[in-house]
Amino acid sequence: MWLATGQSGVRVPMNVVYQPSWLTWVASCTTCLQALGVDCDQADVAGYSGYAFHLAVSQELCPSGPTMVDWERLAAAGRWLGRSTTAFISSDCHTPGHANDGTRAHCRAAFELAKSEIEAGRPCVIWGAYVPEFAVCVGIDGESYLVESYKSHTGEEQPPIPFDEINAPGGPYTLAFPTPRLERPKENDPLPAIAAQCAINNAISFAKGTILGVPHRYGVPGIELWIESLKQHQALKFGNAYNAACYAQARRYAHSFIRRLAEKHPVASAPLTQAAEAYDRCASALGRVSELFPFKGAEEGMVDDDVKIKDAVASLEQAKAAEAQAVQSLAKAIDSPW
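Residues numbered from 1 in each chain as written. Predicted model: local features only at pLDDT ≥ 70, side-chain atom pairs only at ≥ 80, totals over all residues. Heavy atoms only, no water.

Looking only at helices and strands, one finds 11 helices and 9 strands in the protein. Here the C-alpha atoms of the protein give a radius of gyration of 20 Å, agreeing with the 20 Å that 2.2 N^0.38 yields for 338 residues. Along the first, second and third principal axes, the C-alpha set of the protein runs to 60 × 60 × 35 Å. The buried share of the protein, taken over its 338 residues, is 52%. Taking as baseline every contact in the protein between residues at least 6 positions apart, the subset at least 24 positions apart corresponds to 73%. (Helix = DSSP H or I, 4+ residues; strand = E, 2+ residues; numbered from the N terminus. Rg over C-alpha atoms; globule rule 2.2 N^0.38 Å. Buried < 20%, exposed > 50% of the residue type's maximum accessible area, 1.4 Å probe, protein only. Contact = heavy atoms within 4.5 Å.)

If you want it as structure tokens, here you go:
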């Protein structure tokens, strides 16, 4: 159990164990839900939220790709897994170079939501802890967040974060899980099948998605752009490695999640099994790219090793084919006689 951290500090009175992931929203959401007593893991959270099926790539493989996702839709994971959700989402960037009185007011609103959750004894998800990543707010110290973040996995210190010093491209964000879902009768309960169908539709939508006004391509077109960027030596070393690590893990989650749905729902087992196998191939191919270009932190310059590029392009072609097959199989699953 956490202890208070001084007169103004309050920590969540429960054991909050950070669940690390390259996808820090998945890590943070899973950590919160588990701390609140929900029986789930990262594959559940990534699957029901749709994050497992997200893939966004820009011309230079900007590291923003893995978080260039519709955050409002992600909250479905909490609701399907057993908690209500409430969120503050601002679309106004608050970073060291793009902060003003308006964005600071948004920071205050996001902070007040987090503070109310902490006072109720519940952790919540915030955006922009130290760098543009998600973290778990586990306490409030005066005007600052106390968090569990990726730094806890790397053994780094996690100092308090003043509410208006978050690094939040896309704007301040807080996601909370206020109440548990009411228990439902197990016999003839339609909710699991409804949740599965919604998750599959969400997966297809994310795989084919786009966000207007951003220079990213999604799903199969995103992989095609990735290939061309590598061939043209237009891919940032930092971004290429980060994207590869994130999307390889995302597709591993997709494989696990869809395989579980296939086991639970025999009516759609055949196409779901085919989709899971395709995501497994996609994860392996993207994992190969990540092995070729391991993440080393703030690495400068463009990818220029032609031998590795050739190998990576071949793996990305395999990933593209597997991704397309997976989406086709998910569409067939939706057409099954649920």
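Time to look at helix 9 (residues 237–264). For helix 9, which comprises 28 residues, the first-to-last C-alpha distance of 41 Å matches the rise-based estimate of 40 Å (1.5 Å per residue) to within 8%. Most of helix 9 sits out of view: 21 of its 28 residues are buried. (Expected span 1.5 Å × (residues − 1).)

Another aspect to go through is unusual backbone geometry. Here the phi dihedral of Tyr130 falls at roughly 75°; this positive angle occurs in a residue that is not glycine. If you trace the backbone, Tyr130 turns up in the loop between strand 4 (124–127) and strand 5 (134–141). Phi at His233 is positive, roughly 55°, even though this residue is not glycine. Judged by relative accessible area, which is 33%, His233 ranks as partly exposed.

For Asn167, the position within the fold is in the loop between strand 7 (161–162) and strand 8 (173–176). According to the relative accessible area criterion, Asn167 is buried, its value standing at 19%. As a C-alpha pair, Asn167 and Gly97 span 70 residues in sequence and 9.7 Å in three-dimensional space. Here Asn167 is in contact with His94, Thr95, Pro96, Gly128, Tyr130, Val131 and Pro132, once residues within four sequence places are set aside.

With that out of the way, let us pick up the side chain of His54. Along the chain, the position of His54 falls in the loop between helix 2 (42–49) and strand 2 (56–58). Within the structure, His54 has its side chain in polar contact with the backbone oxygen of Gly65 (distance 2.9 Å). Filtering out sequence-adjacent residues up to four positions away, His54 remains in contact with Gly65, Pro66, Met68, Val69, Phe206, Tyr218, Tyr247 and Arg251. (Polar contact = N/O pair within 3.5 Å; in protein donor to acceptor, adjacent residues only side chain to side chain.)

This brings us to the nonpolar core. Among the nonpolar cores identified, the biggest contains 80 residues, and Trp25, Val45, Phe53, Tyr145, Ile258, Leu272 and Leu330 are the most heavily contacted of them. The element contributing the most residues to this core is helix 9, with 9 residues. If you look at the next biggest cluster of nonpolar residues, it comprises 27 residues, including Trp226, Ala244, Tyr247 and Ala319. (Core = buried A, V, L, I, M, F, W, Y, C linked by side-chain atoms within 4.5 Å.)

This brings us to the pattern of salt bridges. A full pass over the atoms with the stated rule returns 14 salt bridges. A salt bridge links Glu263 to Arg259; the nearest nitrogen and oxygen atoms lie 3.6 Å apart. On the criterion of helical spacing, the pair formed by Glu263 and Arg259 is a turn pair, its members being 4 residues apart in helix 9. Classification of Glu263 by relative accessible area gives exposed; the value is 57%. (Salt bridge = Lys/Arg side-chain N within 4 Å of Asp/Glu carboxyl O.)

With that out of the way, let us pick up the packing of aromatic side chains. According to the stated counting rule, one finds 16 aromatic pairs in the structure shown. Relative to Tyr242, the ring of Trp22 has its centre 6.2 Å away and its plane inclined at 70°; by these criteria the two rings are edge-to-face. Of this pair, Trp22 sits in the loop between strand 1 (9–11) and helix 1 (24–35) while Tyr242 sits in helix 9; the two residues are 220 residues apart in sequence, bridging distant segments of the chain. The interplanar angle of 35° and the centroid separation of 6.0 Å between the aromatic rings of Trp25 and Tyr51 together place this pair among those described as tilted. Here Trp25 is found in helix 1, whereas its partner Tyr51 is found in the loop between helix 2 and strand 2, with 26 residues between them in sequence. Considered together, Trp25 and Tyr51 belong to a single accessibility category, that of buried residues. Site record: aromatic cluster; members linked through ring pairs are Trp22, Phe238, Tyr242 and Phe295. Residue placement shows Arg73 over the ring face of Phe206; its charged tip is 4.1 Å from the ring centre. (Phe/Tyr/Trp six-rings, centres within 6.5 Å; stacked < 30°, edge-to-face > 60°. Lys NZ or Arg CZ within 6 Å of the ring centre and 35° of its normal.)

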